[in-house]
Amino acid sequence: MEELRIYVKLIRISMRSRLQYRADFITGIISVLVLNAVNLGLIGILVHRFTQLHGWTVWDLVFLYSMFVLSHSLYSLLFWHFNMMDTYIAQGTFDQFLIRPISPLIQFLGREIQYIGIGDIVVGVAAFGLAYSNKGLHWQAWQWLFFAVAILSGTVVEMSIRWIIASTAFWLGRSLSLANIMNRFNMLVQQYPIDLFGTWFQIVVTVIPISFLNYYPSLVLLGKTTDGAWLRFLPPIVAAVSISAAALVWRAGIRRYASSGS
Amino acid sequence: MRIFWSFARQAFHNAAIYRFDYWLQLISVFLMMYSVHWIWTSLYSQHPAAFGVNVAQMVTYGILGMALEAIFNPGQGPQMYIATQLKTGGIDTDLAKPLDFHLHMLARNFGEILFRFGTLVLPSALIGGAFLGLQFPASPVAAGLFAVSLLLGYLVLFALNFLLGMLAVVTLDIRSISWAYNSLVRFFSGQMVPLWLFPGFLGALANVLPFRSIYAIPISIYIGKLNGSAALEALIFQSVWVIALFIVGRLAWNGVHTRLVVQGG
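Just so we're clear, the structure is a prediction, and the values are computed from it rather than from any experiment. Just so you know, the residues in each chain are numbered from 1, in the order the chain's sequence is written. Whichever chain is written first becomes A and whichever ligand is written first becomes 1, with later ones labelled in order. Predicted model: local features are reported for residues with pLDDT of at least 70 only, side-chain atom pairs are reported and counted for 80 or more only, and whole-chain, interface and lining totals are derived from all residues. Hydrogen atoms and water are omitted, and side-chain values are computed over all heavy atoms in the structure.

Engineer: Summarise the interface of chain B and chain A; cite the residues concerned and give the values.
Structural biologist: Taken together, the contact pairs 37 residues of chain B with 36 residues of chain A. Salt bridge, as applied in this entry: a Lys or Arg side-chain nitrogen positioned within 4 Å of an Asp or Glu carboxyl oxygen. Summed over the shared surface of chain B and chain A, the result is 2 salt bridges. Where arginine 184 of chain A meets glutamate 69 of chain B, a salt bridge forms, and the shortest distance between an N and an O atom there is 2.5 Å. Pairs of N or O atoms are called polar contacts if they sit within 3.5 Å, as long as, within protein, a hydrogen donor faces a hydrogen acceptor (for residues adjacent in sequence, only side-chain-to-side-chain pairs). Linking chain B with chain A are 7 residue pairs in polar contact (both at pLDDT 80 or more), by the criterion used here. Secondary structure elements follow DSSP: runs of H or I no shorter than four residues count as helices, runs of E no shorter than two count as strands, and numbering proceeds from the N terminus. No other element matches the 15 residues that helix 2 (residues 19-46) of chain B contributes to the side of chain B that touches chain A. Note on residue classes: Ala, Val, Leu, Ile, Met, Phe, Trp, Tyr, Cys and Pro are nonpolar, Asp, Glu, Lys and Arg are charged, and everything else, Gly too, is polar. Here the residues of the side of chain B that touches chain A are counted per class, giving 25 nonpolar, 7 polar and 5 charged. Residue contacts are counted whenever heavy atoms from the two residues lie within 4.5 Å of one another.

Structure representation (structure tokens):
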């Protein structure tokens, strides 16, 4: 609890320092809007020619996209700087964390906040709203509950994957290229139903469970699968497994890093 | 030309340190080529006649679009170097060099691009040809025009990136602007979706903007969608943009240069 209090305090400081740069804040938000408009525009143009892609209509695809962006928005707001881990190590910033009497993880997480995530939230909510009304969905309570749980689980899943990638910097010195490959997977999973790319791709993004951000929950929520019963319980389980694995890798990494330095 | 080679050599040394990174980059290109292959094959199986070219041409288009990203990624242009140098103050030494700054940036960037072409684009094209259905150019003439068009496309991209670099001198931080810029380039250059599929207004807009010089024109020539006089017109379009953008870049540099000196002094 003490650590949570410190974390909140650190985040507050980061937020204040971020808001010093108001122009950057605004261009950042606009950039996110442009980026998403471009992504959705390209899908729109592709699917404009014919009514569907691999059995998914335009609004199915927008729905798929929006679920990913919503999960991703919370991750990018609070945890995006996992991608910068190798810079923290190279510049010695991480060493400062190690000599203070607070968990280095808390210090690292509290170090930055990415307001870019706010742009993602705007895009995600708008895209979701459009898809929901255009598909004429009328959800019951359990569906809304599942939706909320799936979004939060997705955030945890993406954060865990990035956490593991960040931890590899303890061994490899660099983690940016791995993060870049992950960005590619993200992009594909975000925009297309994963079974479009064949069995192997589907296996990869299920083992690296990035497809739990949007694909599997969408199967349930759009009624695209007959065995949805057990899929309903899967996202939080996957999230729990991912974050545990990530914590273990991180601990091993820190131990190695601290010992090699001395 | 010697300057280009020396920068290419330097890029090689930098890359040789991180060999693991190199393999990851190659894997990442392969991943994208693979997925593009599936997207087009799947779309064609639904509507074979909807796209104006046959499936082999379209798959070639898509795969080439991904393979060329190693040299056509706007995120690797001189603007990033300029922004870093501004932040660290290293720009001083760049200005002190007995080499025109504009030319220096071109040499440095083109050297890296040559290196990336040899180590990333060629291997990806080989893999694409062997496993994913990337075809040879439509004809020997198309191959020749493609090479010219590729070079012109690179120069257009360089000139645009350089202008963004000039903006960095004024605003000091271009990170978030670059995101918007990169995605606009991606959209209007026809990397993912060929421009002839764009509807009405968007198609017309894409046709006048310089971005189609980057992926759309070279690749369309490669697959034979653009040929004969249309191909030549496209090359002229590219050349005009190269000249115009280099002049604008020159003017911008002259304007910004004095400002930079005043700031430093």
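What follows picks up the thread again.
Engineer: Explain the side chain of asparagine 109 of chain B to me, and be specific about the residues and the numbers.
Structural biologist: Residues and elements named next belong to chain B. As for its placement among the helices and strands, asparagine 109 is situated in helix 7 (residues 101-132). Working definition: with a 1.4 Å probe on protein chains only, accessible area under 20% of the residue-type maximum means buried, over 50% means exposed, and in between means partly exposed. Classification of asparagine 109 as buried rests on a relative accessible area of 6%. Setting aside residues no more than four positions away along its own chain, asparagine 109 makes contact with Gln76, Gly77, Pro78, Tyr154 and Phe158.

Engineer: Run through a nonpolar patch on the surface, naming residues and quoting values.
Structural biologist: A surface patch of nonpolar side chains, about 500 Å² in accessible area, is lined by Trp200, Ile203, Val204, Val207 and Ile208 of chain A. Turning to its location among the elements, tryptophan 200 of chain A is positioned in helix 10 (residues 198-207). Only residues whose relative accessible area exceeds 30% and that form no salt bridge enter a patch; like-charged residues are grouped when within 9 Å of one another, and nonpolar side chains (Val, Leu, Ile, Met, Phe, Trp, Tyr) when within 5 Å. Using the Shrake-Rupley algorithm and a 1.4 Å probe, accessible areas are obtained, with residue cover drawn only from the displayed protein chains.

Engineer: Account for the packing of aromatic side chains, naming residues and giving values.
Structural biologist: Two rings from Phe, Tyr or Trp (for Trp, the six-membered ring) form a pair when their centres are within 6.5 Å of each other. A pair whose planes differ by under 30 degrees is stacked, one over 60 is edge-to-face, and the rest are tilted. Overall, the coordinates contain 43 aromatic pairs over all chains when judged by the stated rule. Here a set of aromatic residues connected by ring pairs shows up, and it is made of Phe82, Tyr88, Phe94, Phe97, Phe108, Trp163, Phe170, Trp250 and Tyr257 of chain A. Ring-over charges, as used throughout, are those where CZ of Arg or NZ of Lys falls within 6 Å of the ring centre and within 35 degrees of the ring normal. Over the aromatic face of phenylalanine 237 of chain B sits the side chain of arginine 212 of chain B, whose NZ or CZ is 4.0 Å from the ring centroid. Positioned over the ring face of tryptophan 196 of chain B is lysine 225 of chain B, at 4.6 Å from the centre of the ring.

Engineer: Now, about the pattern of salt bridges: what can you tell me, with residues and values included?
Structural biologist: Residues and elements named next belong to chain A. Counting across every chain of the model gives 7 salt bridges over all chains. Linking arginine 5 and glutamate 2 is a salt bridge whose minimum nitrogen-to-oxygen distance equals 3.2 Å. On the criterion of helical spacing, the pair formed by arginine 5 and glutamate 2 is a turn pair, its members being 3 residues apart in helix 1 (residues 2-18). Given the relative accessible area of 47%, glutamate 2 is considered partly exposed. One network of salt bridges, with partners in common, ties together Asp60, Lys135 and Lys224.

Engineer: Kindly report on the packing of helix 8 (residues 140-171) of chain B against helix 9 (residues 175-188) of chain B, identifying the contributing residues and their values.
Structural biologist: Residue and element names in this part refer to chain B. Axis separation between helix 8 and helix 9 bottoms out at 11 Å; the angle between their running directions is 155°. If you check the angle between helix 8 and helix 9, you find them roughly antiparallel. As for the relative orientation of helix 8 and helix 9, their crossing is right-handed in sense. Listed contacts from helix 9 to Leu157, Leu160, Asn161, Leu164 and Leu167 of helix 8 are Ile177, Ser178 and Tyr181. By residue class, the composition of the contact of helix 8 with helix 9 is 6 nonpolar, 2 polar and no charged. Axis definition: a line fit to C-alpha positions, over the contact stretch in the case of helices; interaxial angles, taken between N-to-C directions, run 0 to 180 degrees. Each angle receives one of four descriptions, namely roughly parallel if under 35 degrees, roughly antiparallel if over 145, roughly perpendicular if within 65 to 115, and oblique otherwise. Left-handed describes a crossing whose near helix is turned anticlockwise from the far helix through less than a right angle; right-handed describes the clockwise counterpart.

Engineer: Which residues make up the nonpolar core, and what values go with them?
Structural biologist: Residues enter a nonpolar core if they are buried and are Ala, Val, Leu, Ile, Met, Phe, Trp, Tyr or Cys, with the set joined through side-chain atoms within 4.5 Å. Phe63, Tyr192 and Phe201 of chain A together with Trp40, Leu68, Phe72 and Ile82 of chain B are the most contacted members of the largest nonpolar core, which totals 144 residues. The element that contributes the greatest number of residues to this core is helix 8 of chain B, accounting for 16 residues. Once residues lying within four places of it in the same chain are set aside, the contact partners of isoleucine 82 of chain B are Ile91, Phe101, Met105, Phe162, Gly165, Met166 and Val169 of chain B. With 26 residues, the next largest nonpolar core counts Tyr75, Met85, Ala169 and Tyr257 of chain A among its residues.

Engineer: Just give me the short version of helix 3 (residues 55-67) of chain B, but keep the residues and values in it.
Structural biologist: All names here are of chain B. The span you would expect from a helix comes to 1.5 Å times its residue count less one. If you check helix 3, its first and last C-alpha atoms are 18 Å apart, about what 13 residues at 1.5 Å a residue would give, namely 18 Å. Helix 3 sits mainly inside the fold: 11 of its 13 residues count as buried. Burial in helix 3 covers these residues: Gln57, Met58, Val59, Thr60, Tyr61, Gly62, Ile63, Leu64, Gly65, Met66 and Ala67. Elements that come into contact with the buried residues of helix 3 comprise helix 2, helix 4 (69-72), helix 7, helix 8 and helix 11 (216-223). Its side-chain oxygen at 3.2 Å from the backbone nitrogen of alanine 56, asparagine 54 defines the N-terminal cap of helix 3.

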